[in-house]
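Examining the three-dimensional arrangement
If you want the building blocks of each chain, they are given just below.
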Amino acid sequence: MSGTARALTAVARRAASGALLLVGASVLLFALVDLAPGDPVLARFGFQAAGLSDEDLARLRHEYGLDRSLPQRYVDFVRDLSAGDLGTSARSGQPIGDLVAQAFPVTASLTLVAAAVTAVLALGLGITAAVYRGRWPDRLITAASAVGLAAPVFWVGLLAIDTFAIDLRWLPAGGYQPVSAGLWPWLSTLLLPAVTLALGVAGILVRVVRASVADQLDQDYVRTALGAGLSRTRVLWRNLLPNALVTPLTVFGLYVGYLLAGAVLVEVVYALPGMGQLLVNAAIDGDFAVTRIVALVTIAVFLAVNLCTDVVAMLIDPRTRT
């Protein structure tokens, strides 16, 4: 079998595995959300629900399909999803698709900027620590990565707001500007949240990059290339990094899920109207339909990112195609 055929087979196998995982996650998620305390009908009408009779409540539960069994409601849920109908918010009465369409670009922007910050920090600091291993730059970077990993996200966010938004007034303390408002207004509202979100993942990836690069530095092909007169910089960028970055890239793809999950806290701290904020509000209001869809979309994005990570890893290192 050719290398291209092996690569396509590997991608198809991973895509099928991801689809099965998504189905399993949807079943588990549907059951867990359904078991949560609360009543979507009461959430929809709030204080007005106190004036509804038992007959009115029964009629409304029938309209929402809440009087049907759990398997029946799951089948209806999958059928509606297949038709592109994400349902209606029990709290606001708005289509959930509209709510997700408004919130997802915010979370996607935050995650992308945070991923870029993570990549820059991990590559720059990890390679530096590996090249100067055992010396003071390595010790300083290792200590800093430990601090970034241990610091709570909400505490880092509050400290960043106090320092860079209130004291120095360099960046806004919260809120969100779409990219249509201009590149800098958009980026300025995301820089502090993205750095806050990236520090924990960067603290892990710095160590992974350092270990991977240090391992490659000890390989015979590096010593041979240096002995042949090639510059250290050329060997590092042309020969060593393509081999050294396969493992960090895979780990990075896995931790994109952490960035998505961490966006919940960060969006609350910085008042960003993203998926995290939508999920928190839906959970507080007992809006199960929104909670279910937001969580399912997050899982789907996580699986898609991991699939893309596998494809990139295969492009970088053909050995991973097997």
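Keep in mind it's a predicted model, so treat the numbers as computed, not measured. (Residues numbered from 1 in each chain as written. Predicted model: local features only at pLDDT ≥ 70, side-chain atom pairs only at ≥ 80, totals over all residues. Heavy atoms only, no water.)

The subject of this paragraph is the overall build of the protein. The number of helices and strands found in the protein is 13 helices and zero strands. Order of helices (α) and strands (β) in the protein, N terminus to C terminus: α-α-α-α-α-α-α-α-α-α-α-α-α. The contacts of the protein with a sequence gap of at least 6 include a subset with a gap of at least 24, amounting to 73%. Here the protein has roughly 17,200 Å² of accessible surface; of this, 66% comes from carbon and sulfur atoms. (Helix = DSSP H or I, 4+ residues; strand = E, 2+ residues; numbered from the N terminus. Contact = heavy atoms within 4.5 Å. Areas by Shrake-Rupley, 256 points an atom, 1.4 Å probe, with all protein chains shown as cover.)

Ranked by size, the top nonpolar core spans 42 residues in total, and within it Leu-110, Val-213, Leu-240 and Tyr-270 carry the most contacts. A total of 13 residues in this core trace back to one element, the largest contributor, which is helix α8 (residues 183-217). If you look at the next biggest cluster of nonpolar residues, it comprises 18 residues, including Leu-29, Ala-103, Met-275 and Leu-296. (Core = buried A, V, L, I, M, F, W, Y, C linked by side-chain atoms within 4.5 Å. Buried < 20%, exposed > 50% of the residue type's maximum accessible area, 1.4 Å probe, protein only.)

Under the defined criterion, the tally for this structure stands at four aromatic pairs. Each ring, one from Phe-30 and one from Tyr-74, has its centre 5.5 Å from the other, and the planes form 75°; the classification is edge-to-face. Within this pair, whereas Phe-30 is found in helix α1 (residues 3-35), its partner Tyr-74 is found in helix α4 (residues 70-82), the two being separated by 44 residues in sequence. Of the two residues, Phe-30 and Tyr-74, both sit in the buried class. Look at Tyr-74 and Phe-77: their rings are 6.4 Å apart centre to centre, the planes differ by 40°, and that puts the pair in the tilted class. In this pair, Tyr-74 and Phe-77 are both assigned in helix α4, three residues apart and thus about one turn of the helix distant. Phe-77 carries the same exposure label as Tyr-74, and that label is buried. (Phe/Tyr/Trp six-rings, centres within 6.5 Å; stacked < 30°, edge-to-face > 60°.)

Each pocket or cavity is described by its volume, and for the second largest pocket that value is around 290 Å³. Residues that form the lining of the second largest pocket fall into these classes: 14 nonpolar, three polar and no charged. (1 Å grid on protein atoms, 1.4 Å probe; cavity = no way out; pocket = protein on both sides within 12 Å on 5 of 7 lines; lining within 4 Å. Points joined across faces, edges and corners; volume = space filled by probe spheres on them. Nonpolar A, V, L, I, M, F, W, Y, C, P; charged D, E, K, R; others polar.)

So, on to a nonpolar patch on the surface. Judged by side-chain polarity, Phe-154, Trp-155, Leu-158, Leu-159 and Leu-265 come together as a nonpolar surface patch covering roughly 520 Å² of accessible area. For the nonpolar patch, the element with the most residues is helix α7 (residues 153-167), which contributes four residues. Structurally, the position occupied by Leu-159 is in helix α7. (Patch = residues over 30% accessible without salt bridge, like charges linked within 9 Å, V, L, I, M, F, W, Y side chains within 5 Å. Salt bridge = Lys/Arg side-chain N within 4 Å of Asp/Glu carboxyl O.)

When the UniProt feature table is mapped onto this chain numbering, "transmembrane region" (unreviewed entry) sits at residues 108-132, 144-166, 186-209, 240-273 and 293-316. Strand forms 0% of residues 144-166 and helix 91%; the C-alpha atoms that close the span are 25 Å apart. Measuring from the first to the last C-alpha atom of residues 240-273 gives 42 Å, for a span that is 85% helix and 0% strand. (UniProt positions renumbered as here; feature names shortened; annotations may be inferred.)

Before going further, it helps to spend a moment on empty space enclosed by the protein. Counted under the stated rule, the structure contains one cavity of 30 Å³ or more. Its boundaries defined by the atoms lining it, the largest cavity holds a volume of some 70 Å³. Taken together, Val-131, Leu-217, Val-222, Leu-226, Arg-232, Val-235, Leu-236 and Leu-240 make up the full set of residues lining the largest cavity. Elements with a contribution of two residues or more to the lining of the largest cavity: α9 (220-227) and α10 (232-244). In terms of residue count, α10 provides more of the lining of the largest cavity than any other element does, four residues in total. Across the lining of the largest cavity, the residue classes break down as seven nonpolar, no polar and one charged.

When two helices pack together, their arrangement is given by the angle between the helix axes and the distance between those axes. The geometry of α7 relative to helix α11 (residues 246-269) is characterised by a closest axis approach of 9 Å and an angle of 45° between their N-to-C directions. Comparing the axis directions of α7 and α11 gives the class oblique. In the crossing of α7 with α11, the sense of the turn from one axis to the other is right-handed. Side by side, α7 and α11 meet where Val-153, Phe-154, Gly-157, Leu-158 and Ile-161 of the first sit next to Tyr-258, Val-266 and Val-269 of the second. Partitioned by chemical class, the residues of the contact of α7 with α11 number seven nonpolar, one polar and no charged. (Axes fitted to C-alpha atoms, helices over the stretch in contact; angles between N-to-C directions. Parallel < 35°, antiparallel > 145°, perpendicular 65-115°, else oblique. Left-handed = near helix turned anticlockwise from the far one by under 90°.)

Moving on to the side chain of Ser-26. Summarising the element assignment, Ser-26 is placed in helix α1. According to the relative accessible area criterion, Ser-26 is buried, its value standing at 8%. Of the polar contacts made by the side chain of Ser-26, one reaches the backbone oxygen of Val-23; its length is 2.6 Å. Those residues in contact with Ser-26, other than ones at most four positions away along the chain, are Tyr-74 and Leu-296. (Polar contact = N/O pair within 3.5 Å; in protein donor to acceptor, adjacent residues only side chain to side chain.)

Here we take up α7. Every α-helix winds through 3.6 residues per turn, so residues three or four apart in the chain are directed the same way. Spanning 15 residues, α7 covers 20 Å between terminal C-alpha atoms, matching the ideal 21 Å at 1.5 Å per step. Of all the bends in α7, the greatest, near 25°, is centred on Ile-161. Among the residues of α7, Val-153, Val-156, Gly-157, Ala-160, Ile-161 and Ala-165 are the ones counted as buried. For α7, the elements touching its buried residues are α8 and α11. Phi turns positive, to about 55°, at Arg-169, one or two residues after α7. (Expected span 1.5 Å × (residues − 1). Bend = angle between axes of the 7 residues up to and from the residue.)

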